[in-house]
Amino acid sequence: MAVQGVSLSAVPTARATWVLAALGTFIALVAYTGPLGNLPTIAGALQTEQTGQTWILSSMSVGLAATLLTAGALADAHGRRRVFTVGSVGLAVGALLCAAADGTGVFLAGRVIDGAGAAALMTSSLGILAEVTPTPVQRARASGLWGASVGAGIACGPVLAGLLDQIEFWRGFYLALGLGGLSIGLAARLAVRNSVVGRPRPVDLPGTLSLGASMVLTLVALVEGRGGLTPGVIGSAAAAAVLLAVFLAIQSLRADPMLDLSLFRRPAFTAATCAAMSTGVSVIGLTSYACTYFIRGLHVSSLHASVLLVTWSGTSAAAALFARRLPAALTGTRQLAIGLVGVAVGEFVMLGFLVPGLFVTGLASGILNAGLGREAVATVEPDQASLGSGVNNTARYVGSSIGVTLVAIIVVHGGPGAELAAGWRYAVLTSAMIAMASGLVVFALSLTRRSVPTSRRSDRCPAGRTRRLDGTARALRSSPSRRR
């Protein structure tokens, strides 16, 4: 029996789909954060200079930023499982290339490919979850699981890399990533149903190329800008701005754009995008540099620094799982505001008490990650779920590049020795102020009406407290997909 393309016989497999979607996001974040745990070892093995070391940490962001939005649009139009599978294989190929690298250039190429694969995994995973969670109860649980996979991936990446570094087998990390990516792709092929929501749209090649080039040049300007405002940095930033304007013009003129710019007239969508950008700047940006500070400023080993960071990321994973128990009045856009303000409070605490501050920041960022996962798809129509994820994650990872650049500049200008600690404190203070300001902006947007598309309003119903919809009725309303 099937209802509007949703097979009721598929319900028993929904939990397996949840797990695979979460695993896809988990392995993407493990790959993203892995080099934080053993950068000196990689640099030594590949004879990488200081500039190259910066790019080892940033090259995966290039692949992510360039392809997130396009991957989301392709997933909605041509099949979410198909894009998820391609992404898992792409991540595996990039990881294996890193494992076999005998020089910095090959390793960086592998990291860029990893970024493109991770982009496909992350955008399609939220689209897949949106499709197999037809009730508010299920959607709240699934978004918590997705948010937990973000925190768990960030926690495990540096620790796994650091452990393998202890046995002098840093390439084993990338071999494991390759095997994991291939395994997830095969499992998804067998257990996840492919679906296309709405009619397939042609690939927006001009939009894809202009946006991708703009994001790459933005990352080049941010990474190279850490060394000062050179003509190359200024030229890259200017070219990125021009290409972004070209992309926006293309989208406004196309009858069937890749990105519907009218989405930004929805306060909830704008709030979710703003919260994602701030998460990148004030959370990911700071924690991405934290291991470097712990090693240089606190004089601990790479492994010990990674374990210390788990105080934040491990707490984040646990908090995301319990975020679904928040009262109804504190969910939706307000949950994002609470998370951002909580991050600010945690970072203020970090100025005086490092470990308690990391714990509070982790608690708040877990609530934030769970909310971002849900709002990314709840603030768009069902046939745009993966695109919504693409926009949200693009904002997050461009924001993280801005954050890392900002923190690096502030900390480095603090100078060596004791002044490094002063620079770190200024960086933490700056991140906290950005998070607090963003939280207030998001809260103001939560007070604006017309913030949720009609077809998604039931998602804001708390689990079991108001207006339950049975599975069949909800399927008719929120999953108008055709499966093939």
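To keep things clear, this report deals only with the structure shown in the data block. (Residues numbered from 1 in each chain as written. Predicted model: local features only at pLDDT ≥ 70, side-chain atom pairs only at ≥ 80, totals over all residues. Heavy atoms only, no water.)

Attention now goes to the overall build of the protein. Counting secondary structure elements, the protein contains 16 helices and four strands. Counting all 484 residues of the protein, 59% fall into the buried class. In the protein, once contacts between residues fewer than 6 apart in sequence are set aside, the share between residues at least 24 apart is 83%. Working note: accessible area of the protein is about 18,300 Å², and carbon and sulfur atoms make up 69% of it. (Helix = DSSP H or I, 4+ residues; strand = E, 2+ residues; numbered from the N terminus. Buried < 20%, exposed > 50% of the residue type's maximum accessible area, 1.4 Å probe, protein only. Contact = heavy atoms within 4.5 Å. Areas by Shrake-Rupley, 256 points an atom, 1.4 Å probe, with all protein chains shown as cover.)

We now examine the packing of aromatic side chains. In the structure shown here, the tally under the stated rule is nine aromatic pairs. Members of the aromatic cluster, each reached through a chain of ring pairs, are F107, W170, F173 and Y174. (Phe/Tyr/Trp six-rings, centres within 6.5 Å; stacked < 30°, edge-to-face > 60°.)

Tallied over the entire structure, the rule returns three salt bridges. For the salt bridge of R266 with E381, the shortest nitrogen-to-oxygen distance reads 3.4 Å. Of this pair, R266 sits in the loop between α9 (231-253) and α10 (267-297) while E381 sits in the loop between α13 (354-378) and α14 (385-412), and the two are 115 residues apart along the sequence. For R266, a relative accessible area of 18% gives the class buried. (Salt bridge = Lys/Arg side-chain N within 4 Å of Asp/Glu carboxyl O.)

Taken N-terminus to C-terminus, the directions of α10 and α13 make an angle of 145 degrees; their axes are 11 Å apart at the nearest point. In the packing of α10 onto α13, the handedness of the crossing is left-handed. Facing α10, whose interface residues are A272, A275, A276, T279, V283 and F294, α13 presents L354, L358, S365, L368, N369, L372 and E375. For the contact of α10 with α13, the per-class residue count stands at nine nonpolar, three polar and one charged. (Axes fitted to C-alpha atoms, helices over the stretch in contact; angles between N-to-C directions. Left-handed = near helix turned anticlockwise from the far one by under 90°. Nonpolar A, V, L, I, M, F, W, Y, C, P; charged D, E, K, R; others polar.)

With that out of the way, let us pick up helix α11 (residues 302-322). Working note: α-helix, 3.6 residues per turn, so residues spaced by three or four point in the same direction. In this model, α11 (21 residues) spans 31 Å end to end at C-alpha, consistent with the 30 Å of a helix rising 1.5 Å per residue. A maximum bend of about 40 degrees is found in α11 at V310. The set of residues buried in α11 consists of S302, L303, A305, S306, L309, W312, S313, T315, S316, A317, A319 and A320. For α11, the secondary structure elements touched by its buried residues are α2 (39-46), α6 (136-166), α10 and α13. By the N-cap criterion, in which a side-chain oxygen at the helix start approaches the backbone nitrogen of a residue two or three places on, α11 is capped by S301, the distance to H304 being 3.1 Å. (Expected span 1.5 Å × (residues − 1). Bend = angle between axes of the 7 residues up to and from the residue. Polar contact = N/O pair within 3.5 Å; in protein donor to acceptor, adjacent residues only side chain to side chain.)

To continue, consider the layout of surface pockets. Space inside the largest pocket adds up to approximately 1,000 Å³. Lining the largest pocket we find 42 residues, and of these T54, L57, R226, Y289 and T292 sit closest to its centre. Of all elements in the fold, only α1 (14-33), α2, α3 (50-78), α8 (205-224), α10, α11 and α14 reach the threshold of two or more residues within the lining of the largest pocket. Within the lining of the largest pocket, the residues separate by chemical class into 23 nonpolar, 15 polar and four charged. (1 Å grid on protein atoms, 1.4 Å probe; cavity = no way out; pocket = protein on both sides within 12 Å on 5 of 7 lines; lining within 4 Å. Points joined across faces, edges and corners; volume = space filled by probe spheres on them.)

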